[in-house]
Amino acid sequence: MVRVCATNNFREGGLVVNGLAPIIAPLETEAIMSSAEQRIRQQLGGFIPDDLGVSLTSVDAIESLTVDDSTVHARIVLGFPIDGIREHLMTQIREHVSEVLGGRELALDLTAKIIPHRAQSSLPAMDQVANVIAIASGKGGVGKSTTAVNLALALQAEGARVGLLDADVFGPSQPLMLGLPDGTRPEVLEGKYFVPVDAYGLQTMSMGYLTTKQTPVVWRGPKASGALVQMMEQTRWHQLDYLLVDLPPGTGDIQLTLAQKIPVAGAVVITTPQDIALLDAIKGVEMFRKVDIRVLGIVENMAVHICSQCGHHEHVFGQDGGEKMASEYHTEVLAALPLSLRIREQADSGEPMVAACPDSEEAGLYRQAARRLAARLSLTKGGKRAFPKVTQH
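Calculation criteria
- Residues numbered from 1 in each chain as written.
- Predicted model: local features only at pLDDT ≥ 70, side-chain atom pairs only at ≥ 80, totals over all residues.
- Heavy atoms only, no water.
- Helix = DSSP H or I, 4+ residues; strand = E, 2+ residues; numbered from the N terminus.
- Buried < 20%, exposed > 50% of the residue type's maximum accessible area, 1.4 Å probe, protein only.
- Contact = heavy atoms within 4.5 Å.
- Core = buried A, V, L, I, M, F, W, Y, C linked by side-chain atoms within 4.5 Å.
- Pairing = 2+ DSSP bridges.
- Axes fitted to C-alpha atoms, helices over the stretch in contact; angles between N-to-C directions.
- Parallel < 35°, antiparallel > 145°, perpendicular 65-115°, else oblique.
- Left-handed = near helix turned anticlockwise from the far one by under 90°.
- Nonpolar A, V, L, I, M, F, W, Y, C, P; charged D, E, K, R; others polar.
- Salt bridge = Lys/Arg side-chain N within 4 Å of Asp/Glu carboxyl O.
- Right-handed = clockwise from strand over helix to strand, strands pointing away.
- Arc of directions from axis to C-beta.
- Polar contact = N/O pair within 3.5 Å; in protein donor to acceptor, adjacent residues only side chain to side chain.

Asks: So what exactly am I meant to see when it comes to the overall build of the protein here?
Replies: Within the protein, the secondary structure is distributed over eleven helices and 17 strands. Going through the 393 residues of the protein one by one, you find that 48% of them count as buried. Within the protein, counting contacts between residues at least 6 apart in sequence, those at least 24 apart form 74% of the total.

In structure tokens:
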């Protein structure tokens, strides 16, 4: 009988086996590490970020994971900006996987990478603009422009490169809300291209830069639609992750032009809780569905009034209208914003809430809505990048 012993030197039955222990030990260690990696990967992949609503595994967010005796190295890449919540997310992730680390330290790299997403009819993305987001409302007076500027600033605060186009050619309001003086004009290049006007770090363009406060724009639909296309395509946007387009209220020519000629990755519909506003908002949602533009969510403005004297909450315009609408149309309420005097005052003074009062509760709601809309967009299919333009000199 021949027996083999895993010692460094063993003799029995005439057979000497040398040095098996150094071979077997690494194999056992490798098996242990592999098992530990599987457990850690499974646990880590099950983590669900609040704004995303699905697990890391379902979106392929774990880019790399390695395990050694003392440390777990993990790199996670999310598809939406997270600067404001990165530390909070890292704390949540560490707590989520702590029970399977086996005493190891977790070296975590958490970052974001924003890519173009599919637009209607699979149109390629605009040159220098990854994702165009339409901000719309079925009727006027629901706070759409105020929401648009604060969402743009909120996305920027979360780490994205953001532009804002004021597409309401008949009643441009963004120059006022951004605190830009009357008479602000964009620089013109080569006689036909506009350089975006910088405001709070946003790249902006508006019909308000091309007219004065006293000059009404009296145009028929086709000319107004042509102005939108011109501002979109002849503005020298620079490496934007998101371009938010503040549309005029309703479902008219400008909205149809946007849907037909501009690659729109998604839309956000602004409403208030009362029935008449919701009826008009539903028309807006239906319009986007018919032209193959996904609705990323609903922002419900003036959802509740909070008395500044006693703190009493009162639903002046009704309650839960946005939630019912979101449920019916398979989307979500990105945020329910209060009827706030400060929001109105900050917008009128040219200092939007997210820029002027970044630590306020209202600014926090805007940033949550911005992350959620970007997170919902990140769940959709990737799109095509624009083919680079070749210019001759």
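Now that the structure has been shown, the text picks up again.
Asks: Looking at this structure, how should I read the nonpolar core?
Replies: Across soluble globular proteins, nonpolar side chains have a tendency to be buried as a group. By size, the foremost hydrophobic cluster in this structure holds 111 residues, and its most contacted members are L78, L244 and F288. Per-element accounting of this core gives the leading share, nine residues, to helix α11 (residues 361–378). The residues contacting F288, other than those within four sequence positions of it, are A134, A136, L247, A267, V269, I293 and V295.

Asks: Would you mind showing me how to read the sheet that holds strand β5 (residues 105–112) here?
Replies: The strands making up a sheet associate through hydrogen bonds between their backbones, and the pairing can be parallel or antiparallel. Strand order in this open sheet of three strands is β3-β4-β5, and the pairing throughout is mixed. Since the sheet does not close on itself, it has two edges, and those belong to β3 (62–67) and β5, each with one partner. With strand direction ignored, the average angle separating the axes of adjacent strands in the sheet is 5 degrees. Pairing between β3 and strand β4 (residues 71–78): five bridges, direction antiparallel. Bridging from a neighbouring strand, S64 pairs with R75 of β4. Contacts from helix α2 (residues 86–97) reach β4 and β5 within the one sheet, and its direction differs from that of β5 by about 140 degrees.

Asks: Explain the packing of helix α7 (residues 275–290) against helix α8 (residues 321–328) here, please?
Replies: Packed helices, taken two at a time, are described by the angle between their axes plus the distance between the axes. Relative orientation of the contacting elements α7 and α8 amounts to 25 degrees, with a least axis distance of 11 Å. Classified by the angle between their axes, α7 and α8 sit roughly parallel to one another. The two elements α7 and α8 meet at a crossing, and its hand is right-handed. On the side of α7, the interface is formed by L278, A281, I282 and V285, while α8 contributes G321, G322 and M325. For the contact of α7 with α8, the class distribution of residues is five nonpolar, two polar and no charged.

Asks: Would you mind going over unusual backbone geometry with me for this structure?
Replies: Across residues other than glycine, the phi torsion is negative in most instances, and most of the peptide bonds are trans. Even without a glycine there, the phi angle at S122 is positive, about 55 degrees. Looking at where S122 falls in the secondary structure, it is placed in the loop between β5 and β6 (129–137). In this structure, M302 is a non-glycine residue whose phi angle is positive, near 55 degrees. Topologically, M302 is positioned in the loop between β14 (295–300) and β15 (305–306).

Asks: Would you mind showing me how to read the pattern of salt bridges here?
Replies: When charged atoms on two side chains of opposite charge get close, those side chains can pair. Counted by the stated rule, this structure contains 16 salt bridges. Between D83 and R86 there is a salt bridge, with its nearest N and O atoms 3.1 Å apart. Residue class for D83 comes out partly exposed when judged on its relative accessible area of 42%. Taking relative accessible area as the criterion, R86 reaches 21% and is therefore assigned partly exposed. Between R367 and E158 there is a salt bridge; the shortest N-O distance is 2.9 Å. Taken as a pair, R367 in helix α11 and E158 in the loop between α3 (144–157) and β7 (162–166) lie far apart in primary sequence, 209 residues in all. For the pair formed by R367 and E158, the shared burial category is buried. Three or more residues joined by partner-sharing salt bridges are found here, namely D51, E158, R367, R371 and R372.

Asks: Mind showing me how you'd approach the pairing of β5 here?
Replies: Remark: a regular strand shows side chains that alternate across the two faces of the sheet. For β4 and β5, the ladder comprises eight bridges, and the chain directions are parallel. Note on β5: the bridge partner recorded for R75 is D109. Between the parallel pair β4 and β5, the chain is carried across by α2, and the sense of this crossover is right-handed.

Asks: Is there a simple way to explain helix α9 (residues 341–348) in this structure?
Replies: One turn of the α-helix equals 3.6 residues, which is why residues spaced by three or four share an orientation. Along α9, the residues classified as buried are I343, Q346 and A347. Buried positions in α9, seen along its axis, are confined to an arc of 100 degrees and lie on one side of it. The residue sitting at the N-terminus of α9 and contributing the capping side-chain oxygen is S340; that oxygen lies 3.3 Å from the backbone nitrogen of R342. G350 occupies a position one or two residues after α9 and carries a positive phi of about 80 degrees.

Asks: Quick question: what am I supposed to make of the sheet that holds β7 here?
Replies: Here we have eight strands laid out as an open sheet, ordered β10-β11-β7-β12-β6-β13-β14-β17, and mixed in their pairing. Only two strands of the sheet have a single neighbouring strand rather than two, namely β10 (197–199) and β17 (333–336). Each strand of the sheet is rotated relative to its neighbour by a mean of 25 degrees, with strand direction disregarded. Summarising the sheet, β6 and strand β13 (residues 266–271) pair through five bridges and their orientation is parallel. Each residue of the ladder has a partner; that of A134, found in β13, is A267. Across the sheet, α3 touches β6, β7, β11 (202–206), β12 (240–246), β13 and β14, and the angle it forms with β12 is around 170 degrees.

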